[in-house]
Each structure stands twice: as C-alpha cells, then as structure tokens.
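# Fold and contact review
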Amino acid sequence: TEVLKRLRAVRHVRWQSSSAVSEVKIVEVGPRDGLQNESTVVSVDDKVQLITRLAQAGCQHIETGSFVSPKWVPTMANTTEVMQRLSKWKEEHPSKSVSFSCLVPNLKGLEQALLVKPAVNEIAVFGAASE
C-alpha cells in the first residue's frame with residue numbers, strides 16, 4: 001500500500017519484508033516526546049488543545065504524556081491534569097476512535113496512570129538490556 005511505500009522510504013525506519021505484516025500502527029508521540037525537552041512548561045490548556053486537534057485530524061493513537069518525576073522532567077508534571085481533561089473530551093466526542101497512551105517508566109508511574117484510567121487506554125514502557 002501507499003503507507004508501506006512511504007515507510008520504506010524513511011531512512012531511520014528498519015524494514016523487514018514479511019507476508020505476516022498486515023497492518024502498521026502509527027503512534028503520534030509529539031505531545032510527550034516533543035514537549036518533554038522544552039525549556040518551559042507547556043500549559044495544560046495548550047497540551048489538551050494540541051492533543052485534541054491531533055485527534056480531530058485523524059490520529060488514532062496519541063502518546064499524551066508521561067508519569068515521571070517532575071524533578072527530572074518538569075514539563076510532564078501536569079500529565080495527570082491533562083489526562084483528566086482528555087477523559088472529559090472523550091466523553092464529549094464518543095464518535096472519535098482515538099487511543100491515548102502515556103509513558104510509564106516505573107511502578108510509581110503506573111500507579112499514577114491507573115488513577116486516570118478512563119482516559120489512559122494504553123501504557124508505554126521502555127527497557128534496556130544490560131549485561
């Protein structure tokens with residue numbers, strides 16, 4: 001398909017052709033990855049507006065924030081409030097088929113994500129292999 005052709009053209013994407021691949025899940029990570037390194041904290045209103053506009057534009061999977069220590073990543077300190085607002089937005093827009101996820105690096109982050117479970121449809125975790 002056209003999407004697969006475009007993905008193959010992207011240099012940083014590794015592609016292994018396989019007849020078993022029938023779909024590709026694209027996750028928009030801008031609200032988390034794009035904003036976490038900003039020097040100033042983006043307001044809850046602005047984050048919610050960004051995320052809802054992405055959803056209205058057709059993004060079906062959006063990584064909205066991360067439940068990390070505000071000491072280490074202050075720009076993600078308002079993720080709980082963002083998720084609470086997105087929960088209300090989803091109630092007001094039931095026809096939108098969008099999945100919101102958050103990065104959860106540890107057990108404390110998971111506990112925070114579970115507090116706003118209606119809005120968080122998926123969690124993203126990361127790991128590293130070491131000797």
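I will try to describe carefully the structure that is included in this document.

Calculation criteria
Residues numbered from 1 in each chain as written. Predicted model: local features only at pLDDT ≥ 70, side-chain atom pairs only at ≥ 80, totals over all residues. Heavy atoms only, no water. Helix = DSSP H or I, 4+ residues; strand = E, 2+ residues; numbered from the N terminus. Contact = heavy atoms within 4.5 Å. Expected span 1.5 Å × (residues − 1). Buried < 20%, exposed > 50% of the residue type's maximum accessible area, 1.4 Å probe, protein only. Arc of directions from axis to C-beta. Pairing = 2+ DSSP bridges. Axes fitted to C-alpha atoms, helices over the stretch in contact; angles between N-to-C directions. 1 Å grid on protein atoms, 1.4 Å probe; cavity = no way out; pocket = protein on both sides within 12 Å on 5 of 7 lines; lining within 4 Å. Points joined across faces, edges and corners; volume = space filled by probe spheres on them. Nonpolar A, V, L, I, M, F, W, Y, C, P; charged D, E, K, R; others polar. Polar contact = N/O pair within 3.5 Å; in protein donor to acceptor, adjacent residues only side chain to side chain. Core = buried A, V, L, I, M, F, W, Y, C linked by side-chain atoms within 4.5 Å. Salt bridge = Lys/Arg side-chain N within 4 Å of Asp/Glu carboxyl O.

Right, let's talk about the side chain of Thr64 for a bit. Within the fold, Thr64 resides in strand β1 (residues 61-66). For Thr64, the residues in contact, after removing those within four places along its chain, are Pro31, Arg32, Ile51, Met83, Leu86, Phe100, Ser101 and Cys102.

The end-to-end C-alpha distance of helix α3 (residues 44-56), which contains 13 residues, comes to 18 Å, matching closely the 18 Å that a straight helix rising 1.5 Å per residue would cover. Among all positions in α3, only Val44, Lys47, Val48, Ile51, Thr52, Leu54 and Ala55 are buried. Burial along α3 is one-sided: seen end-on, the buried residues are contained in an arc of 155°. Its buried side turned inward, α3 meets α2 (30-34), β1, α4 (79-92) and β2 (99-103).

On to the sheet that holds strand β3 (residues 122-124). Taking strand neighbours across the sheet as the criterion, the three strands line up as β1-β2-β3 in an open arrangement whose pairing is parallel. Each edge of the open sheet carries a strand with a single partner, namely β1 and β3. Sheet twist, expressed as the average angle between the axes of neighbouring strands with direction ignored, equals 35°. Sheet topology note: the β2/β3 ladder contains three bridges and is parallel.

For the largest pocket, the calculated volume is near 170 Å³. Partitioning the lining of the largest pocket into residue classes produces four nonpolar, three polar and two charged.

With respect to the secondary-structure elements, Ser99 resides in strand β2. Side-chain polar atoms of Ser99 contact the side chain of Glu122, separated by 3.4 Å. In this view, Ser99 contacts Gln60, His61, Ile62, Asn121 and Glu122; residues no more than four positions away in its chain are not counted.

Turning next to the pairing of β1. Most of β1 sits out of view: five of its six residues are buried. Inspection of the sheet shows β1 paired to β2 by five bridges, in the parallel sense. Counterpart to Gly65 in the pairing with β2 is Cys102.

Bringing the nonpolar core into the picture now. In terms of nonpolar packing, the biggest core is built from 19 residues, with Ile62, Phe67, Met83, Leu86 and Phe100 touching the most fellow members. Looking at this core, the elements that each hand over two or more residues are α3, α4 and β2. Sorting elements by how many residues they give to this core places α3 first, with five residues. Ignoring sequence-local partners within four residues, the contact set of Ile62 consists of Glu28, Pro31, Ile51, Leu54, Ala55, Val98, Ser99, Phe100 and Ser101.

Summed over the entire model, instances satisfying the criterion amount to four salt bridges. Among the salt bridges present, the one from Glu63 reaches Arg32, with a minimum N-O distance of 2.3 Å. One end of the pair, Glu63, is in strand β1; the other, Arg32, is in helix α2, and 31 residues separate them in sequence. In this pair, the class of Glu63 matches that of Arg32, namely buried. When salt bridges with common partners are traced through the structure, they connect Arg32, Asp33 and Glu63 into a single cluster.

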